[in-house]
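# Survey of secondary and tertiary structure
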Amino acid sequence: PVDAMITAFAQAGASIITFHPEASNDCQGSLALIKERGCQVGLAINPHEDVSLLKPYLHQLDWVLLMSVQPGFAGQSFMPVVYDNIKQVREMLDGCDSPARLSVDGGISLENVASVVAAGADTIVAGSALFSADDYAFRIQAFRDAMSSFVSFELP
């Protein structure tokens, strides 16, 4: 259960806490607890879950994380069913003027990143695609180039 970990993560310095709704006995209470701890809050949805379960919480969320693989281990391939999820969630967020970020995690590669962004994602989580590179800076620039027609990048 996520509630037992929220305070510990916040005390350890987390600024964003995202959880799967099924990891909470009281999703509304978990969201409130995260906010009370001064953290941004997000909900994570697995590839085959109904994204409409986000609707009651959209105005409270800072982040929506769509998993594009089954969580558990690195190196899996992106599941194309998630493109529809991205489009649906983008419509829901835009429809209620939510400022929440729409993040996608799992199987992100140079071959699919532009399509993921075109579908409506504004935040990309890439693990294996980056860490398998010999030159991280070159690979990160390749990702930026692949997405450049959809987004602009502001570097700190």
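Above this text is the structure in question.
Let me begin by describing the structure that accompanies this report. (Residues numbered from 1 in each chain as written. Predicted model: local features only at pLDDT ≥ 70, side-chain atom pairs only at ≥ 80, totals over all residues. Heavy atoms only, no water.)

### Thoughts on the sheet that holds strand β1 (residues 16-19)
- What the 5 strands build is an open sheet, ordered β1-β2-β3-β4-β5; its pairing is parallel. The open sheet has two edge strands with one neighbour each: β1 and β5 (123-125). Shown here is a sheet whose adjacent strand axes are inclined to one another by a mean of 25°, direction ignored.
- As paired strands, β1 and strand β2 (residues 40-45) are joined by 4 bridges and run parallel to one another. In the sheet register, I17 faces β2, and the bridge partner there is V41.
- Here helix α2 (residues 27-36) sits on the sheet and contacts β1 and β2; the angle it forms with β2, its principal contact strand, is near 145°. (Pairing = 2+ DSSP bridges. Helix = DSSP H or I, 4+ residues; strand = E, 2+ residues; numbered from the N terminus. Axes fitted to C-alpha atoms, helices over the stretch in contact; angles between N-to-C directions. Contact = heavy atoms within 4.5 Å.)

### Quick notes on the nonpolar core
- In this structure, L54, L61, L66, I86 and V89 are the most contacted members of the largest nonpolar core, which totals 40 residues.
- The element contributing the most residues to this core is helix α3 (residues 82-95), with 5 residues.
- With residues near it in sequence (within four places) discarded, L66 still touches I45, V51, N85, I86, V89, L102, S103, V104 and D105. (Core = buried A, V, L, I, M, F, W, Y, C linked by side-chain atoms within 4.5 Å. Buried < 20%, exposed > 50% of the residue type's maximum accessible area, 1.4 Å probe, protein only.)

### Section: the layout of surface pockets
- Of the volumes computed, that of the second largest pocket is approximately 280 Å³.
- Lining the second largest pocket we find 19 residues, and of these G75, Q76, G106, G107 and S128 sit closest to its centre.
- A class-by-class count of the residues in the lining of the second largest pocket yields 9 nonpolar, 9 polar and 1 charged. (1 Å grid on protein atoms, 1.4 Å probe; cavity = no way out; pocket = protein on both sides within 12 Å on 5 of 7 lines; lining within 4 Å. Points joined across faces, edges and corners; volume = space filled by probe spheres on them. Nonpolar A, V, L, I, M, F, W, Y, C, P; charged D, E, K, R; others polar.)

### Describing a nonpolar patch on the surface
- On the surface, F131, Y136 and I140 cluster together into a nonpolar patch covering about 330 Å² of accessible area.
- By relative accessible area, Y136 is classed as partly exposed at 46%. (Patch = residues over 30% accessible without salt bridge, like charges linked within 9 Å, V, L, I, M, F, W, Y side chains within 5 Å. Areas by Shrake-Rupley, 256 points an atom, 1.4 Å probe, with all protein chains shown as cover. Salt bridge = Lys/Arg side-chain N within 4 Å of Asp/Glu carboxyl O.)

### Re the pattern of salt bridges
- Tallied over the full model, the rule gives 5 salt bridges.
- D94 serves as the salt-bridge partner of R90, at 3.1 Å between the closest nitrogen and oxygen. With R90 and D94 both in helix α3 and 4 residues apart, the pair spans about one turn of that helix.
- Its relative accessible area of 16% is what places R90 among the buried residues.
- On the basis of relative accessible area, D94 is assigned to the partly exposed category, the value being 46%.
- In this structure, the salt-bridge partner of R90 is D122, at a minimum N-O distance of 2.9 Å. Here R90, found in helix α3, pairs with D122, found in the loop between α4 (113-119) and β5; they are 32 residues apart in sequence, far enough to count as distant.
- D122 sits in the partly exposed class, given a relative accessible area of 30%.
- One continuous salt-bridge network, built from bridges that share partners, spans R90, D94, R101 and D122.

### Considerations on unusual backbone geometry
- Look at D97: it is not a glycine, yet its phi comes out positive at around 55°.
- Checked against the element boundaries, D97 lands in the loop between α3 and β4 (101-105).
- The class of D97 is exposed, set by a relative accessible area of 70%.

### As for the environment of Q40
- Structurally, Q40 is set in strand β2.
- The sequence separation of Q40 and Q60 amounts to 20 residues, and the corresponding C-alpha distance is 9.5 Å.
- The contact partners of Q40, leaving out residues within four places of it in the chain, are S15, I16, I17, I34, D62 and W63.
- A polar side-chain atom of Q40 sits 2.6 Å from a polar atom in the side chain of W63. (Polar contact = N/O pair within 3.5 Å; in protein donor to acceptor, adjacent residues only side chain to side chain.)

The analysis is restricted to geometry; functional conclusions fall outside its scope.
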